[in-house]
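# Architecture at a glance
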Amino acid sequence: MNDPYETSETHLERLLGRALNSFDLPDTVIERLDSALAHASSLRSSHHSAGLHRETYRHTYLLADSTALTLWELVHNTGRDGAEQHELYTDEYEVRLAASRLRRPQRKDGDEAAVTSVDAFDPTADSDALFESRFESGLGVSLDPSFESDLAADLELLSGLLTAPQTPLPRVYLPDNSADHARRVLRRAENVDRPGEEVAGALRAAFAHQITQVFGRNGHVEGKDAGFTLYEHAFLLLDGTETSLWEVEHTATPDGRHMCEVYASQSAAREAMELRARGQVSG
């Protein structure tokens, strides 16, 4: 799966070109992948039985901002006349769900199908048992140890491909009624510990801003699906100083409704997400 002569750009083009659902990938993911510097691919699971062949691959990319992004590829032979098909997902939970939904081939009475599996996803297994091990990054939900070690190995490999440390990309601020943007961000915050009047007052001098998605993940909180997204709203003030608001958008609420929380620091925002993911905050 790893061609030492294939660039990350070519590898990504090949991956997207053969995937049936590449148009479903978020635009933000595609934009981030444009800065891929190196990549590593590995087989995550394999299942072969009579008529049904299914494999899952993990493709990890090292980006210019020194972060890593993973795409999960599902390869199966459920196309017309057993044609091989490819699907891409940004989350391992999603690729496991897609794998579990593949149709198991019909068997004739008396046929014994040989099955060869490597950490296989059994489509006949109970769905609760199938997804008992949940996957996340920084949300406090139970993490598959093999996934953690494999990902660490991929990141170590990718890091070794870099000849020099990468310089952080400069911010590109947009002068677009930034003071009002800051006011609206603070106004929609529902957390009681949101930034107060001192921060709001300083942001009235904002004349440019930049919005960046820092984190995004789906998972389970108290048996329910929940999504988390972290945004940084960076502001440039009239005196030349910079400051940021950190906005958490999530659905980890009792009724599954969408909720926004805003914090003055990234550490506070991530701590809030972790508490939400563990079900330790209500409302």
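## Examining the pairing of strand β9 (residues 259-263)
- Most of β9 sits inside the fold, with 5 of its 5 residues counted as buried.
- Relative to β9, strand β8 (residues 242-250) runs antiparallel, the two sharing 5 bridges. In the strand pairing of β9, W246 is matched with Y263.

## Structural notes on the environment of L203
- Position of L203 among the secondary structure elements: in helix α7 (residues 197-203).
- Under the relative-accessibility criterion, L203 is labelled buried at 3%.
- Contacts of L203, omitting those with residues within four sequence positions, involve A179, A182, L186, F235, L237, T243 and L245.

## Here's the deal with unusual backbone geometry
- The phi angle at S66 is positive, at roughly 70°, despite the residue not being glycine.
- Within the fold, S66 resides in the loop between β2 (52-63) and β3 (68-76).
- Residues other than glycine seldom take positive phi values, yet N177 does so here, at roughly 50°.
- On the accessibility criterion, N177 (53% relative accessible area) is exposed.

## What to know about the sheet that holds β9
- The strand order β6-β7-β8-β9 describes an open sheet built from 4 strands, whose pairing is antiparallel. What marks the edges here is a single partner per strand, and that holds for β6 (206-221) and β9. The sheet shows a mean angle of 20° between the axes of neighbouring strands, taken without regard to direction.
- Against the sheet, helix α6 (residues 178-187) makes contact with β6, β7 (224-237), β8 and β9, and its axis sits at roughly 30° relative to β6, the strand it touches most.

So, how was this worked out
- Residues numbered from 1 in each chain as written.
- Predicted model: local features only at pLDDT ≥ 70, side-chain atom pairs only at ≥ 80, totals over all residues.
- Heavy atoms only, no water.
- Buried < 20%, exposed > 50% of the residue type's maximum accessible area, 1.4 Å probe, protein only.
- Helix = DSSP H or I, 4+ residues; strand = E, 2+ residues; numbered from the N terminus.
- Pairing = 2+ DSSP bridges.
- Contact = heavy atoms within 4.5 Å.
- Axes fitted to C-alpha atoms, helices over the stretch in contact; angles between N-to-C directions.

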